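Chain residues, written in single-letter form:
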Amino acid sequence: MTLKPSSFLTSSVATISGTVSNLNNELLEYVNPEKPTHDHSSVYYQRFFISKFTLGDRAIEAKFSTPMVVGDGDTVTVSGYQKGNGFQVLAYANQTQKVSQHENWIVLGLGAIFFLAIAVGLLNSELVAEGALVPKIFLLGFVGVAMYMGYRALLIREAISLLQS
């Protein structure tokens, strides 16, 4: 097992390499509360595929929108950050099966730009200029969401670049 920290976000993103053991795959499914009882279309469901395993002596948890391609005994390099007692995976490369995967950081970046554009539009509105409280709260909310999405996109991008180096 090797641990290699990032130079850009040194305290946040690192890589771990090793052999997978104790693999446990789960499916976490959220159902939209507005789903009609007779309609079982997938549009009302949000699915997360969770893989928990041990890499060397470290507990690893990977949560992706598609199932992780990994099996017991595979040699894997994961990139992510420490979260509680486990290591949260942002990207991985399976050397045994020659597969790598990560979430889409470009969509997160575009989402951040979208929310920031809404905040700028709200900032130029007449209600904010008059000093109304509710538009200022919305302005702070949109800026906060934009900053979170931008930070998350940077974390994923850094995790990908650590895997490639």
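Scroll up a little and you will see the structure.
Below: a short report on this structure. Every chain is numbered independently, its residues counted from 1 as its sequence is written. The model is predicted, so local features are restricted to residues of pLDDT at least 70 and side-chain atom pairs to those at 80 or more, both for listing and for counting; the totals for chains, interfaces and linings are taken over all residues. With hydrogens and water stripped out, all remaining heavy atoms of the structure feed into the side-chain values.

Focus: helix 3 (residues 133-164)
Counted only if it meets this: Helix numbering and strand numbering both begin at the N terminus, where a helix is a DSSP run of H or I of at least 4 residues and a strand a DSSP run of E of at least 2. Take the number of residues in a helix, subtract one, and multiply by 1.5 Å to get its expected span. Exposed residues in this analysis have more than 50% of their type's maximum accessible area, buried residues have under 20%, and partly exposed residues fall in between, with area computed by a 1.4 Å probe over protein chains only.
Here helix 3 contains 32 residues, and its C-alpha end-to-end distance of 47 Å stays within 8% of the 46 Å for a straight helix at 1.5 Å per residue. Looking only at helix 3, the buried set comprises Pro 135, Leu 139, Ala 146, Met 149, Ala 153, Leu 155, Ile 156, Glu 158, Ala 159, Ile 160 and Leu 162.

With respect to the packing of aromatic side chains
Note the threshold: Side-chain rings of Phe, Tyr and Trp (the six-membered ring for Trp) are treated as a pair once their centres are within 6.5 Å; stacked means planes under 30 degrees apart, edge-to-face means over 60, and tilted covers the remaining angles.
Considering all chains together, one arrives at three aromatic pairs under this definition. A ring pair is formed by Phe 114 and Phe 115, whose centres lie 5.7 Å apart and whose planes are at 75°; its orientation type is edge-to-face. For Phe 115, a relative accessible area of 23% translates into the label partly exposed. What links up through ring pairs into an aromatic cluster is the set Phe 114, Phe 115 and Phe 142.

As for the packing of helix 1 (residues 105-123) against helix 3
Here is the rule: Each axis is a line fitted through C-alpha atoms, and for a helix only the stretch in contact is used; angles between axes span 0 to 180 degrees, taken between their N-to-C directions. Under this scheme an angle from 65 to 115 degrees is roughly perpendicular, one under 35 degrees roughly parallel, and one over 145 degrees roughly antiparallel; angles in between are oblique. Working rule for handedness: look at the near helix, and if it is turned counterclockwise from the far one by less than a right angle, call the crossing left-handed; if clockwise, right-handed. Just so you know the grouping, Ala, Val, Leu, Ile, Met, Phe, Trp, Tyr, Cys and Pro go in nonpolar, Asp, Glu, Lys and Arg go in charged, and all remaining residues, Gly too, go in polar.
Look at helix 1 against helix 3: their axes get within 8 Å of each other, and the N-to-C directions meet at 160°. Considered as vectors, helix 1 and helix 3 are oriented roughly antiparallel to each other. Relative to helix 3, helix 1 is oriented so that their crossing is left-handed. Among the residues forming the contact of helix 1 with helix 3, the class breakdown is 20 nonpolar, three polar and two charged.

In short, geometric facts, not functional conclusions.
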